[in-house]
Amino acid sequence: MPLPARVRLVEVGPRDGLQNENQPVPTATKVELIRRLGVAGLRSIEATAFVSAQWVPQMADSAAVMAAIERRPGASYPVLTPNLKGFEAALAAGATEVAVFAAASEAFSRRNTNCSIAESLARFHPVLERARAAAVRVRGYVSCALGCPYEGHVAPARVRDVAGALFEAGCYEISLCDTIGVGTPGATQDLIGCVAARVPRAQLAGHYHDTYGMAIANIYASLQAGVSVFDSSVAGLGGCPYAVGASGNVATEDVVYLMQGLGIETGVDLEALMDCAEWISDELGRRPGARVTQAQRGADSSGRRSTEVEPTVREPATKREPHR
Ligand code: HMG
Ligand code: MG
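If you're wondering where the values come from, they're calculated on a predicted model, not measured in any experiment.

A.B. asks: Help me understand the pattern of salt bridges in this model?
C.D. replies: Pairing between side chains of opposite charge can happen when their charged atoms approach one another. Considering all chains together, one arrives at 19 salt bridges under this definition. Across the pair Glu46 and Arg15 runs a salt bridge whose closest N-O atoms are separated by 2.6 Å. With a gap of 31 residues between them, Glu46 in the loop between strand 2 (44-45) and strand 3 (48-49) and Arg15 in helix 1 (residues 13-17) connect regions that are remote in the sequence. The two residues Glu46 and Arg15 agree in class, both being buried. Among the charged side chains, a salt-bridge network with shared partners connects Arg8, Arg139, Glu173 and Asp231.

Below, the structure written as structure tokens:
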């Protein structure tokens, strides 16, 4: 299949990226992150989640985030909603796009949303009905599409069935999520081929976590398989509170670099994106997770920036002179 001329990136850093932070992230920081992502050219920015604060405390300020963000023309700020209560709160906060999320594994569904897969799908029907009436677009996620932290292997047919149910219920796009980042390119292409029986490839997105360093390879494999929408997280922020050990989403900077190399348009300014990645990483007290940002902005393996990096060949400590 020929590669597309353009891809759409769905930036999930403010939600998927920050939901796992242990320390509270100030609302103003979240709002500023969303602003900077917009400045960098991202036009789909998942802003927050209207989920139970008992389950995900970091998203407790969702209404305040939505009230404060600057909404750029042509940009969309979807929010996660697990049920009708979350949807109504999102609507009241001015959301015009939401995302519902189901899992392809029963064990993960119970850990993440306290219900079976069938129950979670049933919960989404009233959400989709209300959304239709309110002209709110609904995107669907299928977690554990390439493996589950509790059940291990997940058969593609199970993913196809959940994805098909969400699509047929009215989701405009289905994002296939490698929640724990165990997928490889062959498995990813097999998955897409299987799911395509119920959801057209043009309506599929790839959401790959980078736990095993396979996310970029999986994106390339997905491009070859006809997918042209990818979820990613600035600076590789993230993880999932209900998938212990899962690392962050693929870093947006790495995806943009890949697309630039392939001559595929993203609409994103890589320099501005790296500025944003460095800023949020400083705010959170860590190094940017993207390979590209580390390579171009010079953080070494201890997290120090190039301005702080010592010369490679060091003189004995007693004779040390500054080499700047
Ligand atoms: P539950 O405990 O079964 O629900 O949780 P409940 O109906 O019994 O409600 C419990 C309490 O939560 C009640 O409050 C409700 O009012 C409240 P109380 O009466 O005790 O004070 N509540 C809510 N509050 C705010 N917003 C709501 C809401 N609903 C109920 N929408 C529930 C069920 C689904 C609510 C819970 O399990 C939940 O919120 N889960 C969300 C978990 C989550 O956000 N996980 C991370 C996002 S998914 C993800 O990261 C994967 C993804 O990125 C893709 C991938 O990588 O795989 C999408
Ligand atoms: Mg995720």
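A.B. asks: What should I look at first to understand the pairing of strand 5 (residues 97-103) in this one?
C.D. replies: Consecutive residues of a regular strand have side chains that alternate between opposite faces of the sheet. Within strand 5, seven of the seven residues are buried, which leaves the element mostly enclosed by the surrounding structure. Burial of strand 5 is two-sided: the residues Glu97, Ala99, Phe101 and Ala103 facing one way and the residues Val98, Val100 and Ala102 facing the other way are all buried. Relative to strand 5, strand 4 (residues 79-80) is paired through two bridges, and the arrangement is parallel. From the neighbouring strand, Leu80 faces strand 5, where its bridge partner is Ala99. Handedness of the β-α-β unit built from strand 4, helix 4 (residues 84-92) and strand 5 comes out right-handed. With seven bridges joining them, strand 5 and strand 6 (residues 137-143) adopt parallel strand pairing. Bridging from a neighbouring strand, Ala99 pairs with Arg139 of strand 6.

A.B. asks: Even after reading the chapter, I still don't get the packing of helix 10 (residues 252-262) against helix 11 (residues 270-284), so can you show me in this structure?
C.D. replies: Two numbers describe a pair of packed helices, the interaxial angle and the distance between the axes. Contact geometry for helix 10 and helix 11: axes closest at 10 Å, N-to-C directions at 165 degrees. Classified by the angle between their axes, helix 10 and helix 11 sit roughly antiparallel to one another. The chirality of how helix 10 crosses helix 11 is left-handed. From helix 10, Thr252, Glu253, Val256, Tyr257 and Gln260 reach across to helix 11, where they touch Leu270, Leu273, Met274 and Ala277. Split by residue class, the contact of helix 10 with helix 11 holds six nonpolar, two polar and one charged.

A.B. asks: Just checking my understanding: could you explain the coordination of the magnesium ion (ligand 2) for this structure?
C.D. replies: Octahedral metal centres with six donors ideally show angles of 90 or 180 degrees, and tetrahedral centres with four donors ideally show 109.5 degrees. Donor atoms from the polypeptide that bind the magnesium ion (ligand 2) are Asp16 (OD), His207 (NE2) and His209 (NE2), placed at 2.0 to 2.4 Å. Spacing between the donor residues of the magnesium ion (ligand 2) along their common chain follows D-x190-H-x1-H. Of this pair, Asp16 sits in helix 1 while His209 sits in the loop between strand 8 (204-208) and helix 9 (215-224); the two residues are 193 residues apart in sequence, bridging distant segments of the chain. Looking at Asp16, the relative accessible area reads 3%, which means it is buried.

A.B. asks: Help me out: how do you make sense of the site of ligand 1 in this one?
C.D. replies: The local shell around ligand 1 holds 26 residues, among which Gln19, Asn112, Asn114, Ser143 and Thr179 are the closest. Within the side chain of Arg15, an N or O atom sits 2.9 Å from an oxygen atom of ligand 1. Note that an oxygen atom of ligand 1 is positioned 3.3 Å from one of the side-chain N or O atoms of Trp55. Of all the secondary-structure elements, those providing two or more residues to the shell around ligand 1 are helix 1, helix 4, helix 5 (106-113) and strand 6.

A.B. asks: Please clarify how the sheet that holds strand 8 should be interpreted in this entry.
C.D. replies: Sheet strands pair by backbone hydrogen bonding; their relative direction is either parallel or antiparallel. Judged by pairing direction, the sheet is parallel, and its nine strands sit side by side in the order 2-1-9-8-7-6-5-4-3 without closing on themselves. The two strands at the open ends of the sheet, each matched to only one other strand, are strand 2 and strand 3. In the sheet, strand 6 pairs with strand 7 (residues 173-178) via four bridges, with the strands oriented parallel. Bridge pairing in strand 7 places Val142 opposite Leu176. Strands in contact with helix 6 (residues 117-133) are strand 5 and strand 6; relative to strand 5, the strand with the most contacts, it is inclined by about 165 degrees.

Calculation rules
Position numbers for residues count from 1 along each chain, tracking the sequence in the order it is written. Note on labels: chains are lettered from A, ligands numbered from 1, in written order. Residue-level local features of this predicted model are given only where pLDDT is at least 70; pairs of side-chain atoms are given and counted only at 80 or more, and the full residue set underlies all totals for whole chains, interfaces and linings. Water and hydrogen atoms were dropped before computing side-chain values, which therefore reflect all heavy atoms in the structure. By definition, a salt bridge exists where a carboxyl oxygen of Asp or Glu is found within 4 Å of a side-chain nitrogen of Lys or Arg. Strands here mean DSSP runs of E at least two residues long; helices mean DSSP runs of H or I at least four residues long; both are numbered from the N terminus. Here's how the labels work: a residue is buried when its accessible area is under 20% of the maximum for its type, exposed when over 50%, partly exposed in between, all with a 1.4 Å probe on protein chains only. Whether two strands pair comes down to DSSP finding at least two bridges between them. By convention, a crossover is right-handed whenever its connection, traced from the first strand over the helix to the second and viewed with the strands pointing away, goes clockwise. Note on geometry: axes are lines fitted to C-alpha atoms, helical ones only across the stretch in contact, with angles between N-to-C directions running from 0 to 180 degrees. Note that the term roughly parallel is reserved for angles under 35 degrees, roughly antiparallel for angles over 145, roughly perpendicular for angles of 65 to 115, and oblique for everything else. In this scheme the handedness of a crossing depends on how the near helix is turned from the far one: anticlockwise by less than a right angle means left-handed, clockwise means right-handed. Contact definition: two residues touch when any of their heavy atoms are within 4.5 Å. In this count, Pro and Cys sit with the nonpolar residues alongside Ala, Val, Leu, Ile, Met, Phe, Trp and Tyr, while Asp, Glu, Lys and Arg are called charged and the others, Gly among them, polar. Excluding water, the donors of a metal are its N, O and S neighbours within 2.8 Å, or within 3.2 Å for Na, K and Ca, and that exclusion means sites may look incomplete. Neighbouring residues are identified by heavy atoms, a residue being near a molecule or strand if any of them is within 4 Å of it. Any pair of N or O atoms that falls within 3.5 Å is considered a polar contact. Within protein, one atom must be able to donate a hydrogen and the other to accept it, and sequence-neighbouring residues count only if both atoms are side-chain atoms.

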